[in-house]
Amino acid sequence: METTAYTPADYKSDQPVRWCPGCGDHAILNSLHKAMATLGVPPHLTAVISGIGCSSRLPYYMNAYGFHTIHGRAAAIATGFKVANPEMTVWQISGDGDGLAIGGNHFIHAVRRNIDINMLLLNNKIYGLTKGQYSPTSDRGFVSKSSPYGTVEDPFIPAELVFGARGNFFARSIDVELQITQEALLAAARHHGASVVEILQNCVIYNNGIHNRITDREYRPDRTIHLVHGEKMVFGKNRDKGLVQDGFLLKAVEIGKDGYTMDDVLVHDAHTPTNFLHQQLAMMDGTDLPLAIGVIRDVDSLTYNDEVERQVADVRAAKGFDSLRDMIMAGETWEVK
Amino acid sequence: MLEETSVKTLDKVVIRFSGDSGDGMQLVGNIFTNVSAGLGNEVSTFPDYPAEIRAPQGSLGGVSGFQVSVGTGVHTPGDKCDVLVAMNPAALKQNVKHVKPGGVIVVDIDSFKEADLKKALFTTDNPFAELGINAQVLEVPVTSITKAALADSGLDNKSIIKCRNFFALGLVCWLFDRPLESVVHFLSKKFAKKPAILDANTKVLNAGFNYGHNIHASVSTYRVETKEARPGVYTDINGNTATAWGLIMASEKSGRPLFLGSYPITPATDILHELAKRKDLGVKAVQMEDEIAGVCSAIGASFAGDLAVTSTSGPGLALKSEGIGLAVIAELPLVIIDVQRGGPSTGLPTKTEQTDLMQALYGRNGESPVAVVAPASPTDCFTMAFEASRIAIEHMTPVILLTDAFIGNGSSAWRIPDADEYPEIKPPYVPADKLAEGAWRPYDRNADNLVRYWAIPGTEGGMHRLGGLEKDYATGAISTDPVNHERMVHTRREKIARIANDIPALEVLYDCGDADTLLLGWGGTYGHLRTAAQELNDAGHKVAFTHFRYINPLPANTGEVLSKYKKVVVAELNTGMFADYLQSRFPEVKIERVNKIQGQPFLVEEVVSAVTKIMEDK
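Residues numbered from 1 in each chain as written. Chains lettered and ligands numbered in written order. Predicted model: local features only at pLDDT ≥ 70, side-chain atom pairs only at ≥ 80, totals over all residues. Heavy atoms only, no water.

Peer 1: Let's hear about the overall build of chain B: which residues, and what values?
Peer 2: Within chain B, the regular secondary structure consists of 22 helices and 23 strands. A compact globule built from 618 residues should have a C-alpha radius of gyration of about 25 Å, and chain B, at 27 Å, falls within 12% of that. On the principal axes, the C-alpha backbone points of chain B span a range of 85 × 65 × 45 Å. Within the span of chain B, comprising 618 residues, buried residues form 60% of the whole. Put simply, of all contacts in chain B between residues at least 6 apart along the chain, 76% involve residues at least 24 apart. For chain B, the exposed surface amounts to about 23,200 Å²; the carbon and sulfur share of it is 51%. Taken as two groups, the 60 positive and 73 negative side-chain charges of chain B have centres that lie 4 Å from each other. (Helix = DSSP H or I, 4+ residues; strand = E, 2+ residues; numbered from the N terminus. Rg over C-alpha atoms; globule rule 2.2 N^0.38 Å. Buried < 20%, exposed > 50% of the residue type's maximum accessible area, 1.4 Å probe, protein only. Contact = heavy atoms within 4.5 Å. Areas by Shrake-Rupley, 256 points an atom, 1.4 Å probe, with all protein chains shown as cover. Lys, Arg positive; Asp, Glu negative; His and termini not counted. Charge placed at Lys NZ, Arg CZ, Asp CG, Glu CD.)

Peer 1: Can you break down the side chain of A:His268 residue by residue, with the values?
Peer 2: All names here are of chain A. Assignment of secondary structure puts His268 in the loop between strand E12 (249–254) and helix H9 (276–283). You can call His268 buried: its relative accessible area is 1%. From its side chain, His268 meets the backbone oxygen of Val295 in a polar contact 2.9 Å long. (Polar contact = N/O pair within 3.5 Å; in protein donor to acceptor, adjacent residues only side chain to side chain.)

Peer 1: So what about the nonpolar core? Which residues, and what values?
Peer 2: Within the largest apolar cluster, 165 residues are counted, with the highest numbers of intra-cluster contacts made by A:Phe67, B:Trp245, B:Leu275, B:Ile551, B:Phe578 and B:Leu582. Leaving out residues up to four positions away in the same chain, B:Ile551 has contacts with B:Leu357, B:Leu361, B:Val372, B:Val373, B:Ala374, B:Trp522, B:Phe578 and B:Tyr581. B:Val28, B:Phe166, B:Trp174 and B:Leu198 belong to the second-largest nonpolar core, a separate cluster that totals 44 residues. (Core = buried A, V, L, I, M, F, W, Y, C linked by side-chain atoms within 4.5 Å.)

Peer 1: An account of the pairing of strand E23 (residues 591–595) of chain B is requested, with residue identities and associated values reported.
Peer 2: Residue and element names in this part refer to chain B. Here 5 bridges tie strand E22 (residues 567–572) to E23, and the two strands are oriented parallel to one another. Following the sheet pairing, Val569 is matched in E23 by Glu592. As a crossover connection, the stretch from E22 through helix H21 (residues 577–585) into E23 is right-handed. (Pairing = 2+ DSSP bridges. Right-handed = clockwise from strand over helix to strand, strands pointing away.)

Peer 1: How would you summarise the pairing of strand E5 (residues 81–86) of chain B if you had to cite specific residues and measurements?
Peer 2: Residues and elements named next belong to chain B. Of all 6 residues in E5, 6 are buried; the element is thus mostly enclosed. Pairing between strand E2 (residues 12–20) and E5: 4 bridges, direction parallel. Paired with Ser18 across the strands is Ala86, a residue of E5.

Peer 1: Account for the side chain of A:Thr224, with residues named and values stated.
Peer 2: Take A:Thr224: it is sitting in strand E9 (residues 224–227). If near-sequence neighbours (up to four positions away) are discounted, A:Thr224 is found in contact with A:Ile174, A:Ile214, A:Phe235, A:Pro290, A:Leu291 and A:Ile293.

Peer 1: Lay out unusual backbone geometry with the relevant residues and their values.
Peer 2: All names here are of chain B. For the bond running from Thr266 to Pro267, omega is 0°, close enough to zero to count as cis. For His216, which is not glycine, the phi torsion reads 55° and is therefore positive. Topologically, His216 is positioned in the loop between helix H9 (195–214) and strand E8 (222–226). By relative accessible area, His216 is classed as partly exposed at 26%. The backbone phi angle of Glu331 is positive, close to 50°, even though this residue is not glycine. Along the chain, Glu331 turns up in the loop between helix H13 (314–330) and strand E13 (334–340).

As far as function goes, none of this settles anything; it's purely spatial.
So, in C-alpha cells, the structure goes:
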C-alpha cells in the first residue's frame, strides 16, 4: 500500500462506535479510515455527510467535518457543500433505504449532475434502524415485519440506477472484503465526478446472512469476480474460470474446456466511455454469472462543480463587476439632484 | 428606514403589438381595443405602420405596430408600454425602447433563428443581451404551438402561420383578465363567412390564453411610488430583484460567498433567474431537482461556510420544513425566502396573500423557532433580504423572509445605496486561540446572545460533527439526556428571543398625537395601509399607524407601543394570523381585525371604510 503523512488513526474521532457487534459497518468504517490515510487528504479538508439510518451514523466516528443530516437528503446536502467549497473532499454515506427510497431522487440527480462526491451505498437490503422492514433492494417475496406475506414488488439494482442516471463511476464490494473495499473507495476518491460505491453489508440483527449465497467463504471465489482494469476477467477458487463474450452477452466458461483458452477471456476496461459492457458486468448477480466486485466503471467526465467554477471565472473575465453597486450602475439609472 | 410610499394600482396599462406588416398586428390590436372598450375601459390607440407597403419580410423597415392604452383616465396611447408583443427580431429591435423598465416582452422565439436575426441586423446570437433588455422576456414558441393547434385543421401551412397573431392576442387576454367570449363574439362577426378561419383563429386564441395560464405568466399592474425622492442615483426595481440584490449586498458585507439552492416556483422564480445571472459577481445559484434539494443544498453550502439561501413560495416552504428543522438544531445560518401566493395547495399561484405567516412561525416538527422578517415594499425587499442575511449569520439561525407576489412583482423607483449605508456583517467565527488550544466544542456559545461559533470547513483544527440528533449542551456529542434536551430547547428559543436586542424598535409611523386607535399591518401591505391611515386622518378620524417588518422576534418595545391605544386594528391579507399572534403575546390589548383573502392587495378605500366602521362601533 502507498503511504502518506497520515495514518488511519488520524481520521478516527473520539466517539464510541455504537453499531451492533458483528455489524458489517465496523469493517466498512475501518476500510474507509485506511482508504483516507492512503489518499492522504488531511482531515480538515475532508467532509463526511450522511442521511439517516444505521450506516448514516458514520460521520460521528470520523475526525473530519462531519454532518449527520436527515433521511434521504445527504446527496443534496453534499452537493451544496461541494459547490460551495470545492476544495474539500466530500464523502457521502447512505444505506439502501436512505439513498434509494426516500432519497432516490437526490441519488439519481447527484449522479446525473456528476458532482464530485464519493457516494457510499451500504446495502443490507433491510431497514435496520426502524427494526426490520423491507427496503427498495429487498428481493421479491422477501418476508419482513412490513411484508409478513412477502413483498410483491421488484427491487432496484443500484448499479442499474447509476447507469440509468448516466453515471461515470460504479464500484462494488463486500463488507468483509477489506482490501477490495479500500481499493474501491480509493478509486472513488480519485475519480473526478460522482462516484458510487455499493458495499454489500450484513445486518446481523434483522437480515443476517442476506448476502451469504455470495459472500460465504465457501462460495465466494466461484460466485464473485474481482474486476481490475487491464486484467483478464478470471475467477474461481482455482482461477480457472473466465468471462467471455457470447454474442451480445457474457458467458462464464472454464478455461481449457469446450475449446476456451485464456485468449478468449475478456480484459476489463473500466475507462471505456461506452457503458454497454459495464452494465452487463454490473448486472451479474452470482447465479449464472459471478457477482462483479471492484471498480466496474471509472470514466472521466466534466464535473458539475468544476463547470460552475469555470463559468464564474469566464463570466467574470468577460464582464465581471467588482461590486454590486458597479453592476447596478452599469444598468439603466437616473439621477435626482 | 422605511421611505414614505404609496401604492398605485395602475389605472391604465399600455400594450404594444408588433410584427411584420403581414402578421396581423393591427387586427389583433383593434380587437383587443374593442373588447376592452366593451368591458367599460377607456381606450386610446396608436397604429404605427411601416412607411413602405411591401418592405422585405423580417426587415427593420417592415415592422408594423399597434399600441393601445386601456383603463381609466386614458387620454393618450401612452409613452411606454407595459407589455410588448414582438413577433420577430426586427419588431423587438424597433420597439424595445418603448417598453417600461420591468415590463414584459413576449416574443415568438420560433422566429428568432439565425437568418431572422441577420435580417434585423443583429450581430450576435443573443438579441436580448445585445439590446441590454431590462424587462421580463417571455420566449414563447408561438409558431410551433400554432402549428400544433391547427395540425388537424386541414388548412395549408401559410394559412396556419397567419393565425399566429391570435395566439398573441390570447396570451395578452390572459395577462389582463379579458374574457375570451367577447373576443370570440367579435371574431364570429368578422369571419362569419369563413367558418374554417373562424374556427382556426378561435383555437389559436385559446391556445395562447391557455399557454399564459399554464406558465403562470403575469404582469404586475401595481406600482409603489416613493415620495420625497432623496438626491441620488435611482433605478427601477421590482421586489424579487431587490431581494436578490439585498442578498448580494449581505454577501459583500459579510465576506461569505453567496449560494442559492432553488427550484422554480411561481411567483418566486425571478429571484433564481436574477441570481443565476450574477455569476458576474461570483454568485453560485444552483437549480436543484426539487424544493427539498433546494433547501438541503443550501444547508450543505451553509455548513461549508457560505451565505446560503433558498427561495420558494408557500407550497415549497411546506416541502422545506424538515430541512429548516435541521438548520435549527445544527444552528447554521440559512435564509429562506417565501414569496407568498394564494393557497392552500396550488391555490392561486400568481396572486398575492399573507397566508404563510403561521407556516413560517410554526410549520415544523418539534420546538423549532426561527427568525421571521417581512419587507414592506418592493424596495424594502433589498433592506430586509440584507437583514435576514445579517440575522442568519450573526445569530447562526435560519431566517424566513416573507415577501409576497404583490411586492415581489411590483416595481418602484429605488435609490441605489452606497455600500457604507449598510453595516458590516460579522460572522461569529471560532476565536483563533480556542481553535489552537483545541478547546473548542461545536455548541460553545457567546454568553450574551447565545450564538454558537462557526468553524468553516477547511480550517485546520476546526473539525467537528453536527447533526439532526440532539446534542449535549457542553460537549456537542449526541445526547438523549432528558434534562439536557429541555435545556437545549430553551437555549434555542432564547437565542431567537435575544435577536430582539439587535433589531430596530417599533416606530409609530403616523401619529396625530391624540389617537385612540392604532392601525397596523405587516409585510407587503405597507403602502396601502399607510395611504389609508393618511386618508382616515384627512377625513377627521384620529388614527395612528405602525407597521411590522420584524415578526419573530417582535421589536422589544411592541407591548409598550400597543398598550398606548384603546383599540388596535390589525389589517392583513389572511383570516387574522398576525392578529392572533399578537393577541397571544399581548392578551390585554383589544385587537380588531380587517381581513381580505381574495388573492388581491387591499384597496385603500376598503381599509378606510373598514377602519371607519370599527371606530364608529364603540
